[in-house]
Amino acid sequence: MSEVEPFIGIDLGTTNSVVATVMDGVPRVINGRAGQVLTPSMVAVAKNGKRLVGQIAKRQAITNAENTVFAAKRLIGRRWGSKEVEDARKVLPYQVAPGPEGHDVRVVIGGRTLAVPEVSAMVLSELRADAEAFFGRRVHKAVVTVPAYFNDGQRQATKDAGRIAGLDVIRIINEPTSAALAYGFGRQMEKKVVVFDLGGGTFDVSVLDIGKSVYDVVAVGGDTYLGGEDFDRRIMDWLVFSFAKENGGIDLRQDKMALQRLKDASERAKIELSAATSAGIHLPFLASAGDGKSALHMERQLGRDKLEELSKDLVDRCIQVAEKTLRDAGVRPSQVGEVLLVGGMTRMPRVQQAVRDFFGREPSRGVHPEEVVALGAAIQAHSLLYPQKDRDVLLLDVTPQNLGLLVVGGYFTTVIPRNTTVPTSQTHIFTTVQDDQTQARIVVLQGESEKATDNEMLGEFVLSGIRPARRGDVEIEVAFEISADGIVSVSARDLETGLRQSITVTATSGLTEEELRRILDERMDEVLELKQSGELERRRDKAQGIILEIEALVPAVQAALQKSRFGKDAVQKAEGVMARARAAIEAGDLHQLAAIEEQLDRTLQLFKGLAGGASAPPGEA
Amino acid sequence: MPSLAELIDHGIKAFTRGLHGDAERYWREALEIDPGNARVKGYLSQLESATPAEAGPARRAAPPGAPAQAAPPGPARKAPPVVPAQEFAPSPWDDGPALQATIVLESEGGLDLSAISEKSDLRPLVPDPATTPAPRPAAPKTDVDVWMEGARELFALGDFSGSLEMIEKILKIDAGHVEARAYLRQNESTLVSMYESKLGSLANVPRLAIKPEEVMWLNLDHRAGFLLAQIDGSVNFEDLFALSGLPRLDTARILAQLLADGVIRGGAQ
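Rules and cut-offs
Residues numbered from 1 in each chain as written. Chains lettered and ligands numbered in written order. Predicted model: local features only at pLDDT ≥ 70, side-chain atom pairs only at ≥ 80, totals over all residues. Helix = DSSP H or I, 4+ residues; strand = E, 2+ residues; numbered from the N terminus. Contact = placed C-beta atoms within 7 Å. Buried ≥ 20, exposed ≤ 12 C-beta atoms within 10 Å, placed from the backbone. Nonpolar A, V, L, I, M, F, W, Y, C, P; charged D, E, K, R; others polar. Pairing = 2+ DSSP bridges. Axes fitted to C-alpha atoms, helices over the stretch in contact; angles between N-to-C directions. Expected span 1.5 Å × (residues − 1). Arc of directions from axis to C-beta. Parallel < 35°, antiparallel > 145°, perpendicular 65-115°, else oblique. Left-handed = near helix turned anticlockwise from the far one by under 90°.

### Things to note about the overall build of chain B
Right, on to step 1. When you go through chain B residue by residue, the secondary structure sums to twelve helices and two strands.
Right, on to step 2. In chain B, the succession of α and β elements from N to C terminus is α-α-α-α-α-α-α-α-α-β-α-α-α-β.
Right, on to step 3. Within chain B, contacts between residues separated by at least 24 positions form 63% of all contacts whose residues are at least 6 apart in sequence.

Written out as structure tokens, the structure is:
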């Protein structure tokens, strides 16, 4: 492995992210530097100004809610004012604002306004650092997964996040496709597969039609506000109310510290209950009892049946969503060849039972549900970078959603259907809809809805100078072309006169190239600063250690010097060196510290020699 | 039963209030607990040698052995000078007797001041009635004045927590009190440094030093309980400061206390 360039697959989730690779042909998850598999997709600026990413950010998410960004995936590549952004704003405790052009979304954290890809980049950087610690080398190449419903703008924004994080995102692939890849489908079978993905914050159901090297996501459904955190909240509510009942109405929801501990404990208990039938919740000194009384403890046992009772409606909702998705796709549960469980919440026995009951079959559980998407991405990265004939499934770059035009009545007509392999081009003939119509407005849209307003507008232009004629007599040819780089060109031509207008649409994350370059420059500065601060810390610790050693040797050195005619001023000189070192430590001056280090070392060696001589048995000195 | 540290602290507070009897009693009680305590012995010897005039509230001397930090802090320099009853011009005599006499009296007689004054420019230092306003009656001291004075003295004695307590009282009443704010910063940074020095390297990862089931038997408040819950062997001290959500001083104080009580241990990086 060491001779090939390392590569990674990343599942950049709404709540948690995972990084994986393929080593010696075996896909495997890369544990974080702290040993964890999951990295919470959270970024925070603590009250002391420190930037926190991952687990540590999660642990202060409630006590520092206004400066902790989570679920950035709900905002990435979205337009300011869109329904999704408005929905998110209702529940997000942190501040969001429109971008400079008023199109994209920015988040305000620690007094700084950041583009959403910048926030996601911080999570990706953390995963990249974990991978680099694992490989012991720099890592650049990555495949990143996104939900199947992400449009080009969201995919481009995810790519930009990767670029800011110093990654070369060689492919963006759909999460359900990635899960199916990890299970090895497509090599052995051709069937319909349902991916049932219940993550921390979102629930996605996808129906895939899998053939030889073809992974067609034929239907996607879900609920972007249903996930493991809702289950945690049910446990928290139960704990809060029972605590209030037993302690004179003390409302723990008013105490952020208590709430943070309750949240952590609820999640732990929930996870424990997937394997055990009962979990203990012990939270000593949870809340103040007021009036100088001792702090109050919480001691509870939560049974699996109680958790199932508390979350019954949530499980029911999952099944209802799955049912609707299948119905929309025209697929009966009995036609499904395989059901893949993805996401940590699918470990819950009640969820598995509900899936079993609905599909009438045992779901596949061969791969860890939290890891499966990242593993699929790693497999795809391996296939792209090191192709092996007849072994790999190489996914082709396809259009994620339908591309088309706004037509009369506010409807959307598809010109290039989703899952079309790029590069591609298609033409459609349209006619005028009014008598003597001399202009036609060409609005380019992307999406899955028949209603134009429900889809994303990519651009528009006006074809003017059309010859006056009865409606339907003028034929306008609209051509769509998508290059290998994903650039969409749309042109409209009056077939009789040859009059032509065109537009080029590039998927944009909301960040201009100039902004992206500025962010990349800033990141470079930060990296240098971090390196320096790490260096400062290392040199400071070393200097402090040497000073302590010298100080400890002073009495022995003084004793030795009393017996000698030489070096009477050694202690005085050492004091001078130590004083300068202390001043450098105090000032945090890296250069001064580096300069004084050698003198400290020399002094220590000298003192060791002198002290050794003093303590040596008589006759040996 | 108060602890040694509490008794020393009570003694210092009584001393600064001019309650020498109480101070002596506290320090003697402290000596009963720790007969060899050099700090307490130093305070007591200072107390015994102090004359009533020296020990009066207007000119309190810091006990010997007060911590090295007892040098006037930064903000003290900015403190307004103590206004005497009459506004005389400053005199070198205010600094106390010189080490060597500047004028040696003749053995047969004394210095004839009036004769000298006639022959020279030497004049008694008295306020000029034309330029100096009539002496104002001393305004009664407000609570803020008393607390500020206490804060200065406690700071000089090295009791930064006590000083901070006084400062917090002042800032509750007068949030914009300039000197109090300066003392607040100085006290806080000194205390933070003191507590952090007890923690060792902030890159160290603390761990629970007792069995988890024993935590219940400790006497902690909910904030210490929160911090203790975060100590799981995966976060270092610096991270704890970041995720505590508490002011740095409070976090440092709680962690230093947990360490001192043997509830946690510093651990390696």
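### Topic: the overall build of chain A
Right, on to step 1. Helix and strand counts for chain A come out as 14 helices and 26 strands.
Right, on to step 2. Every one of the 621 residues in chain A was classed for burial, and the buried ones make up 42%.
Right, on to step 3. If you take every contact in chain A between residues at least 6 apart in sequence, the share linking residues at least 24 apart comes to 65%.

### Structural notes on the interface of chain A and chain B
Right, on to step 1. Taken residue by residue, the interface counts 23 residues in chain A and 21 residues in chain B.
Right, on to step 2. Broken down by secondary-structure element, the contributors of at least two residues to the side of chain A that touches chain B are α7 (256-272), β16 (278-287) and α12 (513-562) of chain A.
Right, on to step 3. Top contributing element to the side of chain A that touches chain B by residue count: β16 of chain A, with four residues.
Right, on to step 4. Across the side of chain A that touches chain B, the residue classes break down as ten nonpolar, six polar and seven charged.

### Regarding the sheet that holds strand β8 (residues 95-98) of chain A
Strands pair in a sheet through their backbones, by hydrogen bonds, and they do so in one of two ways: parallel or antiparallel.
Residue and element names in this part refer to chain A.
Right, on to step 1. The strand order β8-β9-β10 describes an open sheet built from three strands, whose pairing is antiparallel. Each having just a single partner strand, β8 and β10 (112-115) make up the two edges of the open sheet. Geometrically, the sheet is characterised by an average inter-axis angle of 35 degrees between neighbouring strands, direction not taken into account.
Right, on to step 2. In this structure, strand β9 (residues 105-109) lies alongside β10, joined through four bridges in antiparallel fashion. Bridge pairing in β10 links Val107 to Leu114.
Right, on to step 3. In the packing of helix α3 (residues 116-135) onto the sheet, the strands contacted are β9 and β10, and the crossing angle to β10 comes to about 85 degrees.

### Observations regarding helix α9 (residues 312-329) of chain A
All names here are of chain A.
Right, on to step 1. In this model, α9 (18 residues) spans 26 Å end to end at C-alpha, consistent with the 26 Å of a helix rising 1.5 Å per residue.
Right, on to step 2. Looking only at α9, the buried set comprises Leu314, Cys318, Ala322, Thr325, Leu326 and Ala329. When α9 is viewed along its axis, its buried side chains cluster within an angular range of 115 degrees and face the same direction. Opposite the packed face of α9, turned more than 90 degrees from it, sit the exposed residues Asp313, Asp316, Gln320 and Arg327.
Right, on to step 3. Looking at the packing, one finds that the buried side of α9 touches β13 (191-198), β14 (203-211), β15 (214-223), α6 (228-246) and α10 (349-359).
Right, on to step 4. Note on α9: the residue one or two positions beyond its end, Gly330, has a positive phi of about 70 degrees.

### Comments concerning the packing of helix α11 (residues 237-244) of chain B against helix α12 (residues 248-260) of chain B
All names here are of chain B.
Right, on to step 1. At a minimum axis separation of 9 Å, α11 and α12 run at an interaxial angle of 130 degrees. By the angle between their axes, α11 is oblique relative to α12. The chirality of how α11 crosses α12 is right-handed. Each of Phe237, Leu240, Phe241 and Ser244 in α11 lies in contact with α12, whose residues at this interface are Arg248, Thr251 and Leu255.
Right, on to step 2. Tallied by class, residues from the contact of α11 with α12 come to four nonpolar, two polar and one charged.

### Some points on the pairing of β14 of chain A
Residue and element names in this part refer to chain A.
Right, on to step 1. Counting buried residues in β14 gives seven out of nine residues, a clear majority hidden from the surface.
Right, on to step 2. Bridge count between β13 and β14: eight bridges; the pairing is antiparallel. Counterpart to Val194 in the pairing with β14 is Val207.
Right, on to step 3. Here β13 folds back onto β14, and the loop between the two strands holds four residues.

### Some words on the pairing of strand β26 (residues 500-505) of chain A
Residues and elements named next belong to chain A.
Right, on to step 1. Note that strand β25 (residues 488-494) and β26 share six bridges and pair antiparallel. By the bridge assignment, Val488 is partnered in β26 with Val505.
Right, on to step 2. With antiparallel pairing between neighbouring strands as the criterion, β25 and β26 make up a hairpin whose turn holds five residues, including Gly498 at a positive phi of roughly 80 degrees.

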